[in-house]
Structure formats: C-alpha cells, structure tokens
Amino acid sequence: PDHKLMDHSCECCRIALEREPDGNVAAFFRGVFGDNIRDHAFAVLRTDGKVDHPERVTFSGWRIAACPHQGPGLAIGSNGVLHGVWYEASHGPAIWYGQLDPGHLPRHKLKLGGPGAGHADVAVRNRNVWVVWNQVSAKGYQLMLRASHDDGVTFGAPRVIAESTAAVYSP
C-alpha cells in the first residue's frame, strides 16, 4: 500500500533509492522543511511493509520557493556506510558529498563542484567511492569524476572523463 513519508517534499527532484544488504530499500530525497527550506531526508522502506519516519540528513538551510530539479544520489557500502551526493545553493551553487548519518550532520562532507556543477551521482564497491557530476564550461558540458579509495574519507582531484557540446542530463 501507499505510505505517506512526509507532508512536503520537492516534487521535481529525483528520489535516490538503494537496496540495503538486508533487502530493505533506503530513500534519500529533498524534503521541504519549515518555510521552503530545501534540505534532504532519509527513510528506510522495510520489506515487512513498515516505513521508518524520515530523518533530516542535510542541514544547509537553503530557502527557495522553487524546485531546483536536482535530486540526490545514494550508494550503500557493504559495511552499511551511506554515501550521499546532493546539490544545494545556500552559499552559492554546489555539489556536495558526505556520509549520511540520519538526524546528524554528514561526516566527511566535501564540496565537489561549484557554479555550473549539477546532477551528481555516486557508486561504491568495497572501499572505493566514485562521484560523478556534470559541469557546464565555455566548451559545453564535461562529465567530472572524483574517486576515493579509503571509503570516502579523502578524494583525489577532479578530472574530466567525457565532454559534449550537446546538452546532457544526469550521469
């Protein structure tokens, strides 16, 4: 059956879903808190039909009465670490990475890209974490990559892995 998770969420931003090792499904999405604060929430959709109450996982306080059309990305490590990427613009447009800890500030939070960066996603295998995002440049669009080999504690420098002069969307 349908279950209401929150009273308000951003209706245009994609929802990141990822299967947990126990078979439950984790949802990472842009919630609307208070007076149009567009931070993110996390909830677990359980295989027994029960749903955990969503908890806030980003705390930028970005207030905007519009939809940014940029949902988050989520990957869950075999050790249960929740790796998230998201877009926000409380202090200028930016893509962020962090290890999500529902109800608390993200750990190892890192700004990945600034103006022109968007539509990030994340993947994880063992202790390797890869984050990709689109970057608008004077030449068109670049697909950017940053990689970590220590479970997201540190990342290498950003590098271009593809370019296009045609419009692109999510990596």
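Just so we're clear, the structure is a prediction, and the values are computed from it rather than from any experiment.

Visitor: Just to check I follow, could you spell out the pattern of salt bridges for this structure?
Guide: Where charged atoms from two side chains of opposite charge approach closely, those side chains can pair. By the definition in use, this model includes four salt bridges. Residues R46 and D52 are paired through a salt bridge, measuring 2.6 Å at the closest nitrogen-oxygen approach. Classification of D52 as partly exposed rests on a relative accessible area of 28%. The shortest N-O distance in the salt bridge between R107 and D101 comes to 3.5 Å. Overall, R107 belongs to the partly exposed group, its relative accessible area being 37%.

Visitor: Whenever I open this one, the pairing of strand β6 (residues 82–88) confuses me. Can you help?
Guide: Along any regular strand the residues' side chains alternate between the sheet's two faces. Most of β6 is tucked away: seven of the seven residues are buried. Looking at chain direction, strand β5 (residues 73–76) and β6 are connected through four bridges and run antiparallel. Bridged to A75 within β6 is H83. Counted along the chain from β5 to the antiparallel partner β6, the turn is five residues long, and its residue G80 has a positive phi close to 90°. Between β6 and strand β7 (residues 94–100), which follow one another and run antiparallel, lie five residues, and G92 among them has a positive phi close to 105°.

Visitor: What should I look at first to understand the sheet that holds strand β3 (residues 40–45) in this one?
Guide: Within a sheet, adjacent strands bond to each other through the backbone by hydrogen bonds, running parallel or antiparallel. One open sheet accounts for four strands, arranged β1-β2-β3-β4; its pairing is antiparallel. Here the strands that pair on one side only, and so sit at the sheet edges, are β1 (16–19) and β4 (55–56). Two strands pair when backbone bridges link them, and β3 and β4 are joined in this way by two bridges, in the antiparallel orientation. Paired with F42 across the two strands is E55, which belongs to β4.

Visitor: Any chance you could explain the nonpolar core here in plain terms?
Guide: As a rule of thumb, nonpolar side chains are buried together in soluble globular proteins. Of all hydrophobic cores here, the largest spans 17 residues; its most connected members are V85, Y97, L112, V129, V131 and W133. Contributions of two or more residues to this core are made by β6, β7, β9 (117–125) and β10 (128–137). The leading source of residues in this core is β9, at four residues. Leaving out residues up to four positions away in the same chain, V131 has contacts with V85, Y97, L112, D121, V122, M144, L145, R146 and F155. One finds A16, L82, W86 and A94 within the second-largest nonpolar core, a separate group that totals 13 residues.

Visitor: What's the story with the confidence of the model for the protein chain in this structure? I'm lost.
Guide: Low-pLDDT portions of the prediction should not be read for the details of their coordinates. On average, residues of the protein chain score 91 in pLDDT, and 100% of them are at 70 or above. Across the protein chain, element-level confidence peaks in β5 with a mean pLDDT of 97 and bottoms out in strand β12 (residues 159–164) with 93.

Visitor: Whenever I open this one, the packing of aromatic side chains confuses me. Can you help?
Guide: The geometry of an aromatic ring pair comes down to the distance between the two centres and the angle between the two planes. Scanning the model with the defined rule gives three aromatic pairs in all. An angle of 70° between the planes, with centres 5.9 Å apart, marks the rings of W62 and Y87 as edge-to-face. A residue pair is termed long-range when its members are at least 10 positions apart, and W62 in the loop between β4 and β5 and Y87 in strand β6 qualify at 25 residues. Classification of W62 by relative accessible area gives buried; the value is 9%. When the centroid spacing of 4.8 Å and the interplanar angle of 65° are considered together, the rings of Y97 and F155 count as edge-to-face.

Visitor: Would you mind going over the sheet that holds β12 with me for this structure?
Guide: Strand order in the open sheet formed by four strands is β9-β10-β11-β12, with antiparallel pairing between adjacent strands. Sheet topology places β9 and β12 at the edges, where each strand pairs with a single neighbour. Here the strands of the sheet are splayed against their neighbours by 20° on average, with no regard to which way each runs. Pairing between β10 and strand β11 (residues 140–148): nine bridges, direction antiparallel. Note that in β11 the partner of N134 across the bridge is L143.

Analysis parameters
Residues numbered from 1 in each chain as written. Predicted model: local features only at pLDDT ≥ 70, side-chain atom pairs only at ≥ 80, totals over all residues. Heavy atoms only, no water. Salt bridge = Lys/Arg side-chain N within 4 Å of Asp/Glu carboxyl O. Buried < 20%, exposed > 50% of the residue type's maximum accessible area, 1.4 Å probe, protein only. Helix = DSSP H or I, 4+ residues; strand = E, 2+ residues; numbered from the N terminus. Pairing = 2+ DSSP bridges. Core = buried A, V, L, I, M, F, W, Y, C linked by side-chain atoms within 4.5 Å. Contact = heavy atoms within 4.5 Å. pLDDT = per-residue confidence, 0-100. Phe/Tyr/Trp six-rings, centres within 6.5 Å; stacked < 30°, edge-to-face > 60°. Axes fitted to C-alpha atoms, helices over the stretch in contact; angles between N-to-C directions.

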